[in-house]
Amino acid sequence: NAGVTQTPKFQVLKTGQSMTLQCAQDMNHNSMYWYRQDPGMGLRLIYYSASEGTTDKGEVPNGYNVSRLNKREFSLRLESAAPSQTSVYFCASSEIVIGYYGYTFGSGTRLTVV
Amino acid sequence: KQEVTQIPAALSVPEGENLVLNCSFTDSAIYNLQWFRQDPGKGLTSLLLIQSSQREQTSGRLNASLDKSSGRSTLYIAASQPGDSATYLCADLGGSQGNLIFGKGTKLSVKP
């Protein structure tokens, strides 16, 4: 099925550990995004990539890095995890043309940092 | 900076009721308005997208409207069912990076 695939679905890290969240889309979208969702805060943009080879900071980029490996894949890396990074992370893709479908989201990665 | 507010934060209704979820914006220069559904522990599913030149969109029992002059959007759900229980999020595709700006959602519970 066409869509956005995120791995892993769940992860527990110890403070200071590093990890990479993977995201891939098969809809040939140019733009990809990483959001985090926290209780009472809604979804906030971490990083985005308007096209292959470009990345830019969003609202809450501190503590994260990203890589747009190719048009399909956009990864999010936590170099030294902190408890404040406990959250649900969503990857999304979109094609910025006026149309019905808008954004497509992955099913999320639930990360706990202890 | 665009801010999106959803009221109420939670809503519980008996099955069969028609209901309205509200979304308001601080900046009426809305680009595209999208409504999502999120089931517990799941990702976001797009329900309806209203382009800035449109006033409403319909899909089955769902109708979303947009009034840019007042900075409001509503999602109308007709004849609610227990399967409609979820959190509903509205978002403006108005971020400077082409990103979505989300409200915090309305958690809907439809009781059998």
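About the cut-offs
Residues numbered from 1 in each chain as written. Chains lettered and ligands numbered in written order. Predicted model: local features only at pLDDT ≥ 70, side-chain atom pairs only at ≥ 80, totals over all residues. Heavy atoms only, no water. Helix = DSSP H or I, 4+ residues; strand = E, 2+ residues; numbered from the N terminus. Buried < 20%, exposed > 50% of the residue type's maximum accessible area, 1.4 Å probe, protein only. Areas by Shrake-Rupley, 256 points an atom, 1.4 Å probe, with all protein chains shown as cover. pLDDT = per-residue confidence, 0-100. Core = buried A, V, L, I, M, F, W, Y, C linked by side-chain atoms within 4.5 Å. Contact = heavy atoms within 4.5 Å.

**Some thoughts on the overall build of chain B**
Right, so step 1: Tallying secondary structure elements over chain B gives 0 helices and 11 strands in all.
Right, so step 2: For chain B, the α and β elements follow one another from N to C terminus as β-β-β-β-β-β-β-β-β-β-β.
Right, so step 3: If one aligns the C-alpha atoms of chain B with their principal axes, the spans along those axes are about 40 × 30 × 20 Å.
Right, so step 4: Residue burial in chain B is summarised as follows: out of 112 residues, 46% are buried.
Right, so step 5: On chain B, roughly 5,200 Å² of surface is accessible, and the fraction owed to carbon and sulfur atoms is 48%.

**Observations regarding the confidence of the model for chain B**
Right, so step 1: For chain B, the mean per-residue pLDDT works out to 90, and 96% of the residues sit at or above 70.
Right, so step 2: Element-level pLDDT for chain B is lowest in strand β5 (residues 44–51) of chain B, with a mean of 88, against a maximum mean of 97 in strand β11 (residues 106–111) of chain B.

**Points about the nonpolar core**
Right, so step 1: One finds L33, W35, L47, L75, I77, Y88 and L108 of chain B to be the most contacted residues of the largest nonpolar core, which totals 23 residues.
Right, so step 2: Take this core: its biggest share by element is 4 residues, from strand β3 (residues 19–25) of chain B.
Right, so step 3: If we skip the residues at most four places from it in the chain, L75 of chain B touches L19, V20, L21, W35, L47, L48, L62, N63, A64 and Y88 of chain B.
Right, so step 4: Among the nonpolar cores identified, the runner-up in size contains 20 residues, and L21, C23, L76 and C91 of chain A belong to it.

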